[in-house]
Amino acid sequence: MILPRNKNLKTKSNILRNNTTKQENRLWYDFLKKHNLQFYRQRIIENYIVDFYCPNAKLVIELDGSQHYKEETAEYDVLRTEYLNSLDIHVLRFSNRDIENNFEGVCQSIEKTILSHLR
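With respect to the sheet that holds strand S3 (residues 59–64)
Judged by pairing direction, the sheet is mixed, and its four strands sit side by side in the order S1-S2-S3-S4 without closing on themselves. Since the sheet does not close on itself, it has two edges, and those belong to strand S1 (40–45) and strand S4 (90–95), each with one partner. Adjacent strand axes in the sheet meet at a mean angle of 45° when their direction is disregarded. In this sheet, S3 lies alongside strand S2 (residues 48–54) in antiparallel orientation, the contact comprising three bridges. When the bridges of S3 are listed, Cys54 appears paired with Leu59. In the packing of helix H5 (residues 103–118) onto the sheet, contacts are made with S3 and S4, and the angle to S4 comes to roughly 175°.

Here's the deal with the packing of aromatic side chains
Geometrically, a pair of aromatic rings is defined through the distance of the ring centres and the angle of the planes. Across all of its chains, the model carries three aromatic pairs by this definition. When the ring of Trp28 is compared with that of Phe52, the centres are 6.1 Å apart and the planes differ by 10°; the resulting orientation is stacked. Linking Trp28 in helix H2 (residues 22–32) with Phe52 in strand S2, this pair joins segments that are 24 residues apart in sequence. The class for Trp28 is buried, based on a relative accessible area of 10%.

Rules and cut-offs
- Residues numbered from 1 in each chain as written.
- Predicted model: local features only at pLDDT ≥ 70, side-chain atom pairs only at ≥ 80, totals over all residues.
- Heavy atoms only, no water.
- Pairing = 2+ DSSP bridges.
- Helix = DSSP H or I, 4+ residues; strand = E, 2+ residues; numbered from the N terminus.
- Axes fitted to C-alpha atoms, helices over the stretch in contact; angles between N-to-C directions.
- Contact = heavy atoms within 4.5 Å.
- Phe/Tyr/Trp six-rings, centres within 6.5 Å; stacked < 30°, edge-to-face > 60°.
- Buried < 20%, exposed > 50% of the residue type's maximum accessible area, 1.4 Å probe, protein only.

Given below as structure tokens:
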């Protein structure tokens, strides 16, 4: 399935990819980049840029910093997740603290989700 992409977001996607957080870097370099399935960073899907996307598992992984706990951002995240779900894409959300304090647990959760979506 080819996903819709707003090509006007390409520059912003590149900027985000080149200015990742330390938590995004850790997840990318210590787990996702080495995974046997292909993951993409800062992938454009319609009018959204997701942190990580795995097309084979139809999985988006989002890492949330403190700004995601503000009311307006939380509402935006809900709408975004509903839209991605409508495309049959599962969304996993982790906080930056999850990456810092429970990295192995995050990786296990991602792996478990991938396995359940490939069956």
